[in-house]
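# Structural overview for review
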Amino acid sequence: MPPIPPTDDPSSDRFQTIEAADRFVDWRQAGAHWRCDRDFACVFRDGQLPLEMWTAEGRIAIVKSGAHRTVYRAVLPGETVYIKRYRHPGWMHRLIHLWRQPAAAREARSAMQIASAGIRTVEPLAIGVLHEGPWVTESWLVLREIADTLPLDRLVEIVSAR
């Protein structure tokens, strides 16, 4: 896949991983570019994920947090989703994104490739890329939860305890 130059040009597409078929809608607002499943787009408020509202309603919790990524679990009406926020701090990370897609887009592409091989995996519902001028500062990935599964780290704990 050729590198995608950073730009605010509406014809630029940092989401080559998710086809812009009828299933997805795109929008740009306040330095952000989102591609979202049409059925999931209704949860956005003013073009952004309403994390503060969900926190106030007790719908969201932090699953893990680190310097470069925070993972949230949000229990929404009708489904549960995981939201991954990737931070791209500093000039080195921003420079790297001149040649490669943001972390959220790469993870979405991987999930879609796994699914196309017939393996049950997470389903990307939305990708967001935030810019300061031409530089990528954050990327977001929203994934539908896979019901009735056990995370690998928990499985390892169970097997190790035997």
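Computed from a prediction, not measured in an experiment: that's the story for all the values here. Within each chain, residues carry numbers counting from 1 in the order of the written sequence. Whole-chain, interface and lining totals are the exception, using all residues; otherwise, since this is a predicted model, local features are given only for residues with pLDDT of at least 70 and side-chain atom pairs are given and counted only at 80 or more. Calculated side-chain values reflect all of the structure's heavy atoms, with hydrogen atoms and water omitted.

### Remarks on the overall build of the chain
Let me state the cut-off plainly: Strands are runs of DSSP state E lasting at least 2 residues, helices are runs of H or I lasting at least 4, and numbering of each runs from the N terminus. Partly exposed residues are those whose accessible area sits between 20% and 50% of the maximum for their type, while under 20% is buried and over 50% is exposed, using a 1.4 Å probe and protein chains only. Here, two residues are considered to be in contact whenever any of their heavy atoms come within 4.5 Å of each other. Using a 1.4 Å probe, the Shrake-Rupley method yields the accessible areas, and only the shown protein chains count as cover for residues.
Broken down by element type, the chain carries four helices and seven strands. When the helices and strands of the chain are read in sequence order from the N terminus, they spell out β-β-α-β-β-β-α-α-β-β-α. Taken over 162 residues, the chain has a buried fraction of 38%. Sequence separation of at least 24 residues holds for 44% of the intrachain contacts in the chain that already meet a minimum separation of 6. In the form shown here, the chain has an accessible surface area of approximately 9,400 Å², with 56% of it arising from carbon and sulfur atoms.

### Some details on the sheet that holds strand E1 (residues 24–29)
Heads up, the rule is: Two strands are counted as paired when DSSP detects at least two bridges linking them. Each axis is a line fitted through C-alpha atoms, and for a helix only the stretch in contact is used; angles between axes span 0 to 180 degrees, taken between their N-to-C directions.
With antiparallel pairing, the seven strands of this open sheet are ordered in space as E1-E2-E6-E7-E5-E4-E3. In this open sheet, the two strands that pair with only one neighbour each are E1 and strand E3 (60–65). Pairs of neighbouring strands in the sheet enclose a mean axial angle of 15 degrees, with direction left out of account. Together, strand E5 (79–87), strand E6 (123–132) and strand E7 (135–144) form the strand contacts of helix H3 (residues 103–116), whose direction differs from that of E7 by roughly 35 degrees.

### Some thoughts on the packing of aromatic side chains
For clarity, the cut-off: Any two rings among Phe, Tyr and Trp, with Trp reduced to its six-membered ring, count as a pair given centres within 6.5 Å; such a pair is stacked if its planes are under 30 degrees apart, edge-to-face if over 60, and tilted if neither.
Enumeration over the complete set of coordinates arrives at three aromatic pairs. For the ring pair tryptophan 27 and phenylalanine 44, a centre distance of 5.0 Å and an interplane angle of 85 degrees mean the geometry is edge-to-face. A residue pair is termed long-range when its members are at least 10 positions apart, and tryptophan 27 in strand E1 and phenylalanine 44 in the loop between strand E2 (32–37) and helix H1 (51–56) qualify at 17 residues. Classification of phenylalanine 44 by relative accessible area gives buried; the value is 9%. With a centroid separation of 6.2 Å and an interplanar angle of 90 degrees, the aromatic rings of phenylalanine 40 and phenylalanine 44 are classed as edge-to-face. Here the aromatic cluster, defined as three or more aromatic residues joined through ring pairs, consists of Trp27, Trp34, Phe40 and Phe44.

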